[in-house]
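# Observations on chain architecture
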Number of protein chains: 2
Amino acid sequence: MPQHKISPDSPIGIFDSGIGGLTVVKAVQAALPAERLIYFGDTARVPYGTKSQVTIRKYAREDTELLMKHQPKLIIVACNTVSALALDVVEQTAGGVPVIGVLRAGAELAAGRTRSGRIGVIGTQATIGSHAYTCAIQEENDALEVFPKACPLFVPLAEEGFIDHPATRLVAEEYLAAFAGKAIDTLVLGCTHYPILRKVIESIAGPQITIIDSAEAVASKAGELLAARNILNRGDEQALPHLMVSDLPQKFRELYRLFMGTELPDVELVGV
Amino acid sequence: MPQHKISPDSPIGIFDSGIGGLTVVKAVQAALPAERLIYFGDTARVPYGTKSQVTIRKYAREDTELLMKHQPKLIIVACNTVSALALDVVEQTAGGVPVIGVLRAGAELAAGRTRSGRIGVIGTQATIGSHAYTCAIQEENDALEVFPKACPLFVPLAEEGFIDHPATRLVAEEYLAAFAGKAIDTLVLGCTHYPILRKVIESIAGPQITIIDSAEAVASKAGELLAARNILNRGDEQALPHLMVSDLPQKFRELYRLFMGTELPDVELVGV
């Protein structure tokens with residue numbers, strides 16, 4: 001049982017290693033417009049994907065503690081790396097508050113959508129190296145075959161705004177060539193930055209491959225969970241998300257626009 | 001005056017935000033083979049280049065404190081971002097121990113080499129945004145014209161080992177196009193990762209442009225400073241560098257090989 005009272009008015013806490021989780025904020029806003037969202041982006045310590053498991057688990061605990069101060073009714077782990085390597089740490093730290101990770105949401109959706117039973121997954125080095133998507137997909141159905149591929153340049157290319165750039169296409173062609181001859185029919189975007197590059201990924205993958213966006217998957221799962229527990233906010237006011245970051249770099253405003261498609265609201269700077 | 005005794009046997013402390021500073025270790029080893037080198041790479045908090053000045057200055061103090069425990073005779077700031085935004089913090093924390101930053105060393109060498117008086121500088125967003133190279137070069141000679149250009153994708157491309165990759169060439173062509181019509185004759189590699197991509201940068205820049213590698217510049221300046229103070233180590237034994245990192249990610253061994261051209265020696269994991 002959670003240590004604090006939970007009601008439909010309680011906020012949903014969302015965190016990520018940086019700004020990438022804003023694709024999750026955007027998807028949750030679209031699916032559940034009345035919910036109050038509190039987002040923490042650990043911009044001082046981003047990226048997590050290149051760090052060791054010990055460090056990632058420490059950060060996951062601290063990030064969760066930060067959100068718990070706001071007495072959330074649900075915590076969404078928008079960071080694939082944390083979902084892969086430290087979801088248990090988040091659950092322990094969250095007490096009885098339910099926790100959803102992008103990873104399992106994406107894995108469930110992919111397992112439900114594939115027809116050929118052959119699924120590709122792309123993500124950061126740490127997410128892919130953890131084999132967590134493979135495990136999560138095969139927990140859904142152990143007959144499924146999973147083909148993982150780390151794509152470390154996609155995050156910096158997205159953050160540089162190289163959305164339609166020929167260099168992005170070359171890099172994507174090289175990364176996605178890993179799936180040649182694998183006959184996958186489903187490709188999971190296993191990193192919250194990747195929806196930014198969705199068009200180029202989709203055009204190289206081709207129309208026969210279904211793209212699974214974990215951000216959309218987690219938003220839809222959040223709605224189901226809140227409805228089942230009767231704590232869905234059924235109001236009709238739409239609130240701006242409450243944004244917290246651990247550092248406010250020069251490029252933040254620009255990146256916010258890139259991810260959210262709107263101007264940056266007020267941001268709270270917090271220490272970690 | 002330093003709080004500890006300094007002798008020719010004292011080590012040289014070198015730090016960087018991550019592994020990039022190993023290009024400085026390599027250059028110092030080549031120039032001063034008898035020196036004992038202690039390197040700290042803040043791999044848990046890399047990169048600094050995308051963070052705010054407040055955060056960078058905090059990290060700079062902590063990194064210097066860590067090296068000071070080893071009673072160095074000299075501290076080399078291998079990180080361009082710290083050299084640009086927090087060299088004063090390092091100097092304060094180092095007490096009387098001399099401090100050399102890659103930035104000033106590179107700026108001095110560039111100012112000495114240019115004939116046309118027109119110098120290009122490439123680096124991370126934070127280094128370029130700080131205008132620190134421009135200031136440092138114009139402090140040498142205020143008639144010099146400086147053309148800075150941020151190249152945020154060069155670090156991830158280097159770390160991905162995309163040394164000769166067509167995508168790297170496309171990205172470099174786009175970044176270096178900023179110097180078209182500027183008639184520069186000298187180009188400063190204002191980030192310790194960039195020597196890894198030196199060949200592609202050099203081939204796009206063309207033979208009429210002199211490339212200034214700040215790592216080589218800082219190594220030569222270190223030798224002059226130690227000789228002038230009579231604390232050069234004139235022994236003939238070559239020691240392996242003592243390596244400390246704040247995190248030991250999966251890719252570290254591979255990156256070490258990429259930067260140093262040798263296998264990874266023992267590494268000490270330290271907390272920050």
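Bear in mind that the values here come from a model prediction, so they are computed numbers and not experimental data.

### Here's the deal with the overall build of chain A
For chain A, the count of helices and strands is 12 helices and 10 strands. Along the three orthogonal principal directions, the C-alpha set of chain A runs to about 55 × 45 × 40 Å. Within chain A, the fraction of its 272 residues that count as buried is 61%. Of the roughly 11,000 Å² of accessible surface on chain A, a fraction of 50% belongs to carbon and sulfur atoms. One finds the centroid of the 25 positive side-chain charges in chain A at a distance of 1 Å from the centroid of its 31 negative side-chain charges.

### Here's the deal with the UniProt feature "binding site: substrate" (unreviewed entry) in chain A
All names here are of chain A. Within this numbering scheme, the UniProt entry marks Asp 16, Ser 17, Tyr 48, Gly 49, Asn 80, Thr 81, Thr 192 and His 193 as carrying the feature "binding site: substrate" (unreviewed entry). Across 178 residues, the annotated set stays spatially compact, with a maximum C-alpha separation of 13.0 Å. Mapping Asp 16 onto the fold places it in strand β1 (residues 12-16). Within the secondary structure, Thr 192 sits in the loop between β7 (186-189) and α10 (198-205). Beyond its immediate chain neighbours, meaning those up to four positions away, Thr 192 contacts Asp 16, Gly 20, Gly 21, Thr 23, Val 24, Ala 78, Asn 80 and Phe 259.

### What about the sheet that holds strand β9 (residues 242-245) of chain A?
Residue and element names in this part refer to chain A. Ordered in space as β4-β3-β1-β2-β9-β10, the 6 strands form an open sheet in which the pairing is parallel. Of all strands in the sheet, those with a lone pairing partner are β4 (99-101) and β10 (267-269), marking the two edges. Across the sheet, the axes of successive neighbouring strands diverge by a mean angle of 20°, strand direction being ignored. Across 5 bridges, the pairing between β1 and strand β2 (residues 37-41) is parallel. Each residue of the ladder has a partner; that of Ile 14, found in β2, is Tyr 39. Across the sheet, helix α1 (residues 22-31) lies against β1, β2, β3 (74-77) and β9, angled at about 170° from β2, the strand it touches most.

### Observations concerning the packing of aromatic side chains
Summed over the entire model, instances satisfying the criterion amount to 8 aromatic pairs over all chains. The interplanar angle of 85° and the centroid separation of 5.2 Å between the aromatic rings of Phe 154 of chain A and Tyr 194 of chain A together place this pair among those described as edge-to-face. Taken together, the residues span a long stretch of sequence, with Phe 154 of chain A in helix α8 (residues 154-159) and Tyr 194 of chain A in the loop between β7 and α10 at a distance of 40 residues. Comparing Phe 154 of chain A with Tyr 194 of chain A shows no difference in burial state: the two are buried. Summarising the aromatic geometry, the rings of Phe 154 of chain B and Tyr 175 of chain B are spaced 5.2 Å apart at their centres and angled 80° between planes, so their arrangement reads as edge-to-face.

### Brief notes about the domain arrangement of chain A
Residue and element names in this part refer to chain A. For chain A, the assigned domains are domain 1 (12-102 + 216-269) and domain 2 (104-214). Using C-alpha coordinates to define each centre, domain 1 is positioned 21 Å away from domain 2. Taken residue by residue, the interface counts 22 residues in domain 1 and 26 residues in domain 2. Summing the contributions of domain 1 and of domain 2, the shared interface buries around 1,800 Å²; its carbon and sulfur component is 57%. A per-residue breakdown of the area domain 1 buries against domain 2 is headed by Asn 80, Glu 216 and Leu 258, which together make up 27% of the total. Here domain 1 is connected to domain 2 by 2 salt bridges. Taking the shortest distance from any N to any O, the salt bridge between Lys 221 and Glu 108 comes out at 3.1 Å. Here domain 1 and domain 2 share 14 residue pairs in polar contact (both at pLDDT 80 or more) between them. Taken together, the elements giving at least two residues each to the side of domain 1 that touches domain 2 come down to α1, α3 (80-85), α11 (214-228) and α12 (252-260). Each residue belonging to the side of domain 1 that touches domain 2 can be placed in one class, and the counts come to 11 nonpolar, 7 polar and 4 charged.

### Considerations on the sheet that holds strand β6 (residues 145-150) of chain A
Residues and elements named next belong to chain A. Pairing in this open sheet of 4 strands is parallel, and the strands run β6-β5-β7-β8 from one edge to the other. Sheet topology places β6 and β8 (210-213) at the edges, where each strand pairs with a single neighbour. Ignoring which end each strand starts from, the neighbouring axes of this sheet average 25° apart. Strands β5 (118-123), β7 and β8 of the sheet are contacted by helix α5 (residues 102-113), whose axis makes an angle of about 155° with β8. Those strands touched by α10 are β5, β7 and β8, and its axis lies near 150° from that of β8.

### Examining the interface of chain B and chain A
With 29 residues of chain B in contact, the opposing surface of chain A contributes 29 residues. At the boundary of chain B with chain A, total buried surface from both sides reaches about 2,300 Å², with 59% on carbon and sulfur atoms. Linking chain B with chain A are 0 salt bridges, by the criterion used here. Within the residue set of the side of chain B that touches chain A, elements represented by two or more residues are α2 (53-68), α8 (154-159) and α9 (166-176) of chain B. With 6 residues, the top contributor of residues to the side of chain B that touches chain A is α9 of chain B. Classifying every residue of the side of chain B that touches chain A by side-chain character gives 16 nonpolar, 7 polar and 6 charged.

### As for the environment of Thr 23 of chain B
Residues and elements named next belong to chain B. Along the chain, Thr 23 turns up in helix α1 (residues 22-31). You can call Thr 23 buried: its relative accessible area is 9%. For Thr 23 and Tyr 194, which are 171 residues apart along the polypeptide, the C-alpha to C-alpha distance reads 9.2 Å. For Thr 23, the residues in contact, after removing those within four places along its chain, are Thr 192, Pro 195, Ile 196, Ala 215 and Phe 259. At 2.9 Å, the side chain of Thr 23 forms a polar contact with the backbone oxygen of Thr 192.

### Quick notes on the UniProt feature "active site" (unreviewed entry) in chain A
All names here are of chain A. Under the feature "active site" (unreviewed entry), the UniProt entry names Cys 79 and Cys 191. A maximum C-alpha distance of 7.4 Å is found for the annotated residues, which run over 113 residues; spatially they form one tight group. In contact with Cys 79, not counting residues within four places along its chain, are Phe 15, Asp 16, Ser 17, Tyr 48 and Val 102. Looking at Cys 191, the relative accessible area reads 8%, which means it is buried.

Thresholds applied
Residues numbered from 1 in each chain as written. Chains lettered and ligands numbered in written order. Predicted model: local features only at pLDDT ≥ 70, side-chain atom pairs only at ≥ 80, totals over all residues. Heavy atoms only, no water. Helix = DSSP H or I, 4+ residues; strand = E, 2+ residues; numbered from the N terminus. Buried < 20%, exposed > 50% of the residue type's maximum accessible area, 1.4 Å probe, protein only. Areas by Shrake-Rupley, 256 points an atom, 1.4 Å probe, with all protein chains shown as cover. Lys, Arg positive; Asp, Glu negative; His and termini not counted. Charge placed at Lys NZ, Arg CZ, Asp CG, Glu CD. UniProt positions renumbered as here; feature names shortened; annotations may be inferred. Contact = heavy atoms within 4.5 Å. Pairing = 2+ DSSP bridges. Axes fitted to C-alpha atoms, helices over the stretch in contact; angles between N-to-C directions. Phe/Tyr/Trp six-rings, centres within 6.5 Å; stacked < 30°, edge-to-face > 60°. Domains from an automatic or database assignment. Buried area = accessible area lost by both parts, 1.4 Å probe. Salt bridge = Lys/Arg side-chain N within 4 Å of Asp/Glu carboxyl O. Polar contact = N/O pair within 3.5 Å; in protein donor to acceptor, adjacent residues only side chain to side chain. Nonpolar A, V, L, I, M, F, W, Y, C, P; charged D, E, K, R; others polar.

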